[in-house]
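Summary of the model geometry
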Amino acid sequence: MPYLDRGVKVCRPREASGLWEGEVVFSTPITLLTENGPVVFPPLSKVGEECTHKTLAIAWADGIIWREGLVEGVEGEVDVQGEVEVLDTRLIPAFAFRKIVGRVKVKVGKIPGVPLIKVEDLPLISFFQGRLFEATRSLMPLLRLLSASILYYYLRNDESLVQEGGTSL
């Protein structure tokens with residue numbers, strides 16, 4: 001549960017241009033006091049320098065500080081089209097992702113592990129040996145925001161995801 005200080009910049013999922021080490025991604029909705037008054041930010045929103053909504057008050061966020069190396073993406077090879085299917089109902093951000101993207105048409109590659117998110121019968125995100133795998137790069141940065149926010153749930157439940165010497169976030 002990251003602490004957000006006054007003056008941090010926040011953006012909604014569609015406003016994000018990428019995701020970089022140390023940035024915070026929200027896993028549940030959060031209301032923050034900004035220069036434009038109280039604003040509700042949905043899951044997949046993030047704190048980053050390129051964001052435009054500046055906060056005026058401190059807050060604790062249900063989210064995760066992004067660390068490189070816990071998610072691996074592959075290039076897509078097979079065309080798939082359809083609705084995003086969320087296979088784990090605990091993953092609130094996945095439902096936000098589904099609402100944002102609607103029907104998708106992407107190229108997906110083969111990824112190992114247990115599927116968490118699918119399109120048609122092909123996994124879009126899976127969990128394998130303590131890491132998440134993304135089957136496409138074409139939905140970036142939204143897919144990376146989703147992967148980061150999913151880690152919020154898995155870091156709490158699987159201590160093997162915790163980096164050496166660190167603690168779960």
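Residues numbered from 1 in each chain as written. Predicted model: local features only at pLDDT ≥ 70, side-chain atom pairs only at ≥ 80, totals over all residues. Heavy atoms only, no water.

1. A look at the overall build of the protein
Cut-off, in case you're wondering: Segments assigned H or I by DSSP are reported as helices when at least four residues long, segments assigned E as strands when at least two residues long, and all are numbered from the N terminus. We take the radius of gyration over the C-alpha atoms and set the globule estimate at 2.2 Å times the residue count to the 0.38 power. We call a residue buried when its accessible area falls under 20% of the maximum for its residue type, exposed when it is over 50%, and partly exposed in between, using a 1.4 Å probe and counting protein chains only. Residue contacts are defined here by distance: any two heavy atoms, one from each residue, within 4.5 Å place the two residues in contact. Values of accessible area rely on a 1.4 Å probe in the Shrake-Rupley scheme; residue burial ignores everything except the protein chains shown. Only four residue types enter the charge count: Lys and Arg as positive, Asp and Glu as negative, with His and the chain ends excluded. Where a charge lies is defined by one atom per residue type: Lys uses NZ, Arg uses CZ, Asp uses CG and Glu uses CD.
When helices and strands are tallied, the protein shows two helices and 15 strands. Relative to the globule expectation of 15 Å for 169 residues, the C-alpha radius of gyration of the protein, 16 Å, shows essentially globular dimensions. Projected onto its principal axes, the C-alpha positions of the protein cover 45 × 40 × 25 Å. Residues classed as buried in the protein amount to 51% of the 169 residues present. Across the protein, contacts joining residues at least 24 apart in sequence account for 68% of those joining residues at least 6 apart. When the accessible surface of the protein is split by element, carbon and sulfur atoms take 52% of a total near 8300 Å². Counting 19 positive and 22 negative side-chain charges, the protein places the averaged centre of each group 4 Å from the other.

2. Let's talk about the state of the cysteines
Here is the rule: By convention in this document, the label disulfide applies to cysteine sulfur atom pairs within 2.5 Å.
For the structure shown, the criterion picks out one disulfide. In this model, Cys11 is linked to Cys51 through a disulfide, with the two sulfur atoms separated by 2.2 Å. In this pair, Cys11 sits in strand β2 (residues 9-11) while Cys51 sits in the loop between β6 (46-47) and β7 (53-54), placing the two residues 40 residues apart along the sequence. Each member of the pair, Cys11 as well as Cys51, carries the same accessibility label: buried.

3. Considerations on the confidence of the model for the protein
To be explicit about the condition: Each residue carries a pLDDT score, the predictor's confidence in it, ranging from 0 to 100.
Per-residue pLDDT for the protein averages 89, and the proportion of residues at 70 or more is 92%. A low-confidence stretch, residues 157-169 stays under pLDDT 50, and its non-local contacts, those more than four residues away or across chains, total 24 contacts.

4. Here we look at the sheet that holds β6
Put simply, the rule is: Two strands qualify as a pair provided DSSP detects at least 2 bridges between them.
Within the open sheet, the five strands sit side by side as β7-β2-β6-β3-β9. Their pairing is antiparallel. Here the strands that pair on one side only, and so sit at the sheet edges, are β7 and β9 (63-65). Across two bridges, the pairing between β2 and β7 is antiparallel. From the neighbouring strand, Val10 faces β7, where its bridge partner is His53.

5. Quick word on the packing of aromatic side chains
For clarity, the cut-off: Two aromatic rings, drawn from Phe, Tyr or Trp (for Trp, its six-membered ring), form a pair once their centres lie within 6.5 Å of each other, and the interplanar angle then sorts them: stacked below 30 degrees, edge-to-face above 60, tilted otherwise.
For the coordinates displayed, the defined rule picks out three aromatic pairs. Aromatic pair Tyr3 and Trp60: ring centres 5.3 Å apart, planes at 65°, arrangement edge-to-face. One end of the pair, Tyr3, is in strand β1 (residues 3-4); the other, Trp60, is in strand β8 (residues 59-60), with 57 residues separating them in the sequence. Overall, Tyr3 belongs to the partly exposed group, its relative accessible area being 42%.

6. Thoughts on the side chain of Glu23
The condition is simple: Whenever two N or O atoms come within 3.5 Å, that pair is a polar contact, provided that in protein one can donate a hydrogen and the other can accept it, and provided that, for residues adjacent in sequence, both atoms are side-chain atoms.
Relative to the elements of secondary structure, Glu23 occurs in the loop between β2 and β3 (24-26). Taking the relative accessible area as the measure of exposure, Glu23 reaches 11% and is therefore buried. Side-chain polar atoms of Glu23 contact the backbone nitrogen of Trp20, separated by 2.9 Å. For Glu23, the side chain forms a polar contact with the side chain of Lys46, separated by 2.5 Å. The residues contacting Glu23, other than those within four sequence positions of it, are Gly18, Lys46, Val47, Gly48, Glu49, Glu50, Ile64, Ile65 and Trp66.

7. Let's talk about the sheet that holds strand β15 (residues 131-134)
To keep things clear, this is the line we draw: Here an axis means a line fitted to C-alpha atoms, over the contact stretch when the element is a helix, while the angle between two N-to-C directions is reported on a 0 to 180 degree scale.
Strand order across the open sheet formed by six strands is β10-β15-β14-β13-β11-β12, with mixed pairing between neighbours. Each edge of the open sheet carries a strand with a single partner, namely β10 (71-73) and β12 (103-108). Across the sheet, the axes of successive neighbouring strands diverge by a mean angle of 35°, strand direction being ignored. With four bridges joining them, strand β14 (residues 122-128) and β15 adopt antiparallel strand pairing. Bridge pairing in β15 places Phe127 opposite Leu132.

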